[in-house]
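Here are the chains, one letter per residue:
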Amino acid sequence: MATVSMASSLPTLTSLNLRRRNRSAGIAFASLTPETTTLGVKVTEGVGNLPKVVLTSVHGSEAEVYLFGGCITSWKVSSDKDLLFVRPDAVFNGKKPISGGVPHCFPQFGPGPIQQHGFARNMNWSVVDSENVEGNPILTLELKDAPYSRSMWDFSFQALYKIILNSKSLSTVLTVTNTDKKPFTFNTALHTYFRASVTGASVKGLKGCKTLNKDPDPTNPLEGKEERDVVTFPGFVDCVYLNASNELQLDNGLGDIISIRNTNWTDAVLWNPHLSMEACYRDFVCVENAKIGEVLLQPEQSWVAEQHLSIG
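A quick note: this is a predicted structure, and the numbers were derived from the prediction, not measured.

The rules behind each value
- Residues numbered from 1 in each chain as written.
- Predicted model: local features only at pLDDT ≥ 70, side-chain atom pairs only at ≥ 80, totals over all residues.
- Heavy atoms only, no water.
- Helix = DSSP H or I, 4+ residues; strand = E, 2+ residues; numbered from the N terminus.
- Buried < 20%, exposed > 50% of the residue type's maximum accessible area, 1.4 Å probe, protein only.
- Contact = heavy atoms within 4.5 Å.
- Areas by Shrake-Rupley, 256 points an atom, 1.4 Å probe, with all protein chains shown as cover.
- 1 Å grid on protein atoms, 1.4 Å probe; cavity = no way out; pocket = protein on both sides within 12 Å on 5 of 7 lines; lining within 4 Å.
- Points joined across faces, edges and corners; volume = space filled by probe spheres on them.
- Nonpolar A, V, L, I, M, F, W, Y, C, P; charged D, E, K, R; others polar.
- UniProt positions renumbered as here; feature names shortened; annotations may be inferred.
- Polar contact = N/O pair within 3.5 Å; in protein donor to acceptor, adjacent residues only side chain to side chain.
- Disulfide = S-S within 2.5 Å.
- Salt bridge = Lys/Arg side-chain N within 4 Å of Asp/Glu carboxyl O.
- pLDDT = per-residue confidence, 0-100.
- Pairing = 2+ DSSP bridges.

**Digging into the overall build of the protein**
Counting its secondary structure elements, the protein contains one helix and 24 strands. Looking at the 312 residues of the protein, the share that counts as buried comes to 55%. Relative to all contacts within the protein whose residues are 6 or more apart in sequence, the contacts with residues 24 or more apart total 65%. Split by element, the accessible area of the protein, about 13300 Å² in all, is 50% carbon and sulfur.

Okay, structure coming up:
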């Protein structure tokens, strides 16, 4: 099968020197039962009775993943501190996308011919593989086309989303494959919400990038160039950074420095809604890995992108 991705330096399944033990595969959404447990991978019932998977490392780190939207909603390296943020207005009803954590934007980022940010964040993903390597859980989810997706984007596809939890890191590998007989294009992003103190939060690694600033007019972004070494969130922020560095550093203003590394996510987005979300804007910032330009996939081609979040 052809691929349009580059070789990776992030801790993927190959570089982790895996030794598969008690591997669990082929768990479909419909067959999940509460309290299913496999070596640090526990399927249980979440908010709104939605199925979620709890990943637990022997090192004490933990992550939670809802199958609705394939959305990671929690990442903790210690039991009392969540590094991700879910908005207080988030709805867990299996219809509206979950507002927070790490939502998928696919096959469209932002507004466009189909619904805002596409459909992947409000479809049910399936568990197709889970394993535990030296005490660290690994989960693979799958999304395929269905009548709902085809009603707005008439293509056959497969998206695999591998989630790797380690002692102080959370890595993901997204693989999109064209299973249709005709080519298609898409763009995508991981709309990651980080818990933060917005007045103290900052991002390093964006200096020199071409910017598309959606403030004040999101329909007519202003082109520019980032001149700052340290980018802050003094008010409403909605800015795309093209050809961004493959490593950014987020200071969340709460005492944590989070490294955001990637392979093949070529762009970045910073967002904070400021006063338009008065109830919670002070408590988070979004630092998103994105692919803003369209990816063209021929039949049987795949596109692969990886994200690696780590804390010192």
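**Brief notes about the layout of surface pockets**
Of the voids in this model, the largest pocket is the one considered here, and its volume is about 590 Å³. Lining the largest pocket are 29 residues, with Gly110, Pro111, Gln116, His117 and Lys214 sitting closest to its centre. Residues that form the lining of the largest pocket fall into these classes: 15 nonpolar, eight polar and six charged.

**Some thoughts on the UniProt feature "active site" (unreviewed entry) in the protein**
Under the UniProt annotation, the feature "active site" (unreviewed entry) is placed at His191 and Glu288. Considering the C-alpha atoms alone, the annotated residues occupy 98 residues of sequence yet fold into one spot, their largest mutual distance being 5.0 Å. For the largest pocket, the lining residues drawn from the annotated set are His191 and Glu288. Note on placement: His191 falls in the loop between strand E13 (184-190) and strand E14 (193-195). Note on His191: relative accessible area 9%, which makes it buried. In this view, His191 contacts Gly101, Val102, Pro103, Cys105, His117, Trp271, Cys286 and Glu288; residues no more than four positions away in its chain are not counted. The class for Glu288 is buried, based on a relative accessible area of 2%. Every residue in contact with Glu288, bar those within four places of it in the chain, is listed here: Phe109, Leu190, His191, Thr192, Asp267, Ala268, Val269 and Trp271.

**A few points about the pairing of strand E24 (residues 302-311)**
Among the ten residues in E24, ten count as buried, and that is most of the element. Side chains Ser302, Val304, Glu306, His308 and Ser310 of E24 all project onto a buried face; the interleaved residues Trp303, Ala305, Gln307, Leu309 and Ile311 project onto the opposite face, where all are buried too.

**Details of the environment of Thr219**
With respect to the secondary-structure elements, Thr219 resides in the loop between strand E16 (210-213) and strand E17 (222-225). Engagement of the side chain of Thr219 in a polar contact is seen with the side chain of Asp217, the distance being 2.6 Å.

**With respect to the state of the cysteines**
Using the criterion set out here, one finds zero disulfides in the structure. The thiol of Cys286 is not disulfide-bonded; the next cysteine sulfur, from Cys105, is found 9.5 Å away.

**Some details on the pattern of salt bridges**
Taken as a whole and judged by the stated rule, the model has twelve salt bridges. Linking Asp256 and Lys81 is a salt bridge whose minimum nitrogen-to-oxygen distance equals 3.2 Å. In this pair, Asp256 sits in the loop between strand E20 (247-251) and strand E21 (257-263) while Lys81 sits in strand E7 (residues 81-82), placing the two residues 175 residues apart along the sequence. For Lys81, a relative accessible area of 34% corresponds to the partly exposed category. Notably, a salt bridge pairs Asp89 with Arg87, separated by 3.0 Å at the nearest N-O pair.

**Here's the deal with the confidence of the model for the protein**
This prediction gives the protein a mean pLDDT of 90; 88% of its residues lie at or above 70. Within the model, pLDDT remains below 50 along residues 5-36, and this stretch shows 79 contacts once partners closer than five positions in the same chain are excluded.

**A look at the pairing of E21**
Along E21, five of the seven residues are buried, which leaves the element largely enclosed by surrounding structure. Taken together, the five bridges between E20 and E21 define a ladder with antiparallel strand orientation. What sits directly across from Asp251, in E21, is Ile257. The hairpin formed by E20 and E21 contains five residues between the paired strands, and Gly253 there has a positive phi angle of roughly 75 degrees. When E21 meets E24, the two strands line up antiparallel, connected through six bridges. Looking across to E24, one finds that Thr263 is bridged to Glu306.

**Let's talk about the side chain of Glu226**
Assignment of secondary structure puts Glu226 in the loop between E17 and strand E18 (230-232). Given the relative accessible area of 6%, Glu226 is considered buried. Within polar-contact distance, the side chain of Glu226 engages the side chain of Arg228 at 2.8 Å. Once residues lying within four places of it in the same chain are set aside, the contact partners of Glu226 are Leu206, Lys207, Gly208, Cys209, Thr211, Val231 and Tyr241.

**Quick word on the side chain of Thr188**
Locating Thr188 in the fold gives a position in strand E13. For Thr188, a relative accessible area of 0% gives the class buried. At 2.7 Å, the side chain of Thr188 forms a polar contact with the backbone oxygen of Cys105. If we skip the residues at most four places from it in the chain, Thr188 touches Cys105, Phe106, Leu174, Trp265, Ala290, Lys291 and Trp303.

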